[in-house]
Amino acid sequence: MKLHDLKPDPGSKRKRKRVGRGIAAGQGKTAGRGHKGQGARSGGGKGPYFEGGQLPMVRRLPFKRGFTNIFAIEYQEVNVDVLEARFSEGAVVDGASLAEAGLVRKADAPIKVLGRGELSKTLEVHANKFTKSAASKIEGAGGSVNRHALKVTGARATVKKMRKVDLERLHGAGD
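Rules of the game
- Residues numbered from 1 in each chain as written.
- Predicted model: local features only at pLDDT ≥ 70, side-chain atom pairs only at ≥ 80, totals over all residues.
- Heavy atoms only, no water.
- Helix = DSSP H or I, 4+ residues; strand = E, 2+ residues; numbered from the N terminus.
- Rg over C-alpha atoms; globule rule 2.2 N^0.38 Å.
- Buried < 20%, exposed > 50% of the residue type's maximum accessible area, 1.4 Å probe, protein only.
- Contact = heavy atoms within 4.5 Å.
- Areas by Shrake-Rupley, 256 points an atom, 1.4 Å probe, with all protein chains shown as cover.
- Arc of directions from axis to C-beta.
- Pairing = 2+ DSSP bridges.
- Axes fitted to C-alpha atoms, helices over the stretch in contact; angles between N-to-C directions.

**Focus: the overall build of the protein chain**
Inference 1: A count of helices and strands for the protein chain gives 6 helices and 6 strands.
Inference 2: Listing each helix as α and each strand as β along the protein chain from the N terminus yields α-β-α-β-α-β-β-β-α-β-α-α.
Inference 3: Relative to its length of 175 residues, the protein chain is extended, with a C-alpha radius of gyration of 32 Å against a globular reference of 16 Å.
Inference 4: In terms of its C-alpha atoms, the protein chain occupies a principal-axis envelope of roughly 90 × 55 × 30 Å.
Inference 5: The buried share of the protein chain, taken over its 175 residues, is 23%.
Inference 6: Nonlocal contacts in the protein chain, meaning residues at least 24 apart in sequence, comprise 40% of its contacts between residues at least 6 apart.
Inference 7: Carbon together with sulfur atoms contributes 52% to the accessible area of the protein chain, which is approximately 13,800 Å² in total.

**Observations concerning the environment of Ala149**
Inference 1: Within the secondary structure, Ala149 sits in the loop between strand E6 (144-147) and helix H5 (154-160).
Inference 2: Looking at Ala149, the relative accessible area reads 37%, which means it is partly exposed.
Inference 3: Taking the C-alpha atoms as reference points, Ala149 and Lys129, 20 residues apart in sequence, are found 8.6 Å from one another.

**Examining helix H4 (residues 132-140)**
Inference 1: Listing the buried residues of H4 in full gives Ala134, Ala135 and Ile138. Buried residues of H4, seen end-on, are gathered within an arc of 95 degrees and therefore sit on one face of the element. Structural note: H4 exposes Lys132 and Gly140 on the side pointing more than 90 degrees away from its buried face.
Inference 2: On its buried face, H4 sits against helix H2 (80-86), strand E3 (111-114), strand E4 (124-127), strand E5 (129-130) and E6.

**Digging into the pairing of E3**
Inference 1: Sheet topology note: the strand E1 (residues 76-79)/E3 ladder contains 4 bridges and is parallel. Bridged to Gln76 within E3 is Ile111.
Inference 2: Direction of pairing for E3 relative to E5: parallel, over a ladder of 2 bridges. Residue pairing for E5: Val113 is matched across the bridge by Phe130.

**A look at the sheet that holds E4**
In any sheet, the strands associate via hydrogen bonds between backbone groups, in a parallel or an antiparallel arrangement.
Inference 1: Spatially, E2-E4-E6 is the arrangement adopted by the 3 strands of the open sheet, whose pairing is parallel. Pairing within the sheet leaves two strands with one partner each, and these edge strands are strand E2 (92-93) and E6.
Inference 2: Both E2 and E4 contribute to a ladder of 2 bridges, which runs parallel. In the strand pairing of E4, Val92 is matched with Glu124.
Inference 3: Its contacts with the sheet put H4 on E4 and E6, and the angle it makes with E6 is roughly 135 degrees.

This is the structure in structure tokens:
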């Protein structure tokens, strides 16, 4: 097959109906708009959801409730059983190694370790958050849990107007 052999499926491309081009064309004179009336006039007709005076579907539906928090922090999640399967004994597990293994998309984005599964290997795990069960399983296997504070910057830091105590805790001032 060559490029010049390609053509659209039969019936998928139809010619545009050219209205108002004379009586012989079949859509001449009133151009399919009928005689007089609202639909015959230019700019005539109601909006796309007008239902002849009946309360339109758009207005019958309830309002969309709730909101989306634009300052929410999305964590990349990794489970303990996945660490068991992908990393060898004594490995250092951080954002870069997780991204290299294909377990997270971005190495520098926040990471949270979840506690699904069991761990028998000694691993040094670096992440922003750990669930209690994940931390206990890693430490129980002889590994270490290293929490890295999440840097709050930009609009999130200014708009949220966090208490000083919370900001210091996030930026790791007490470390």
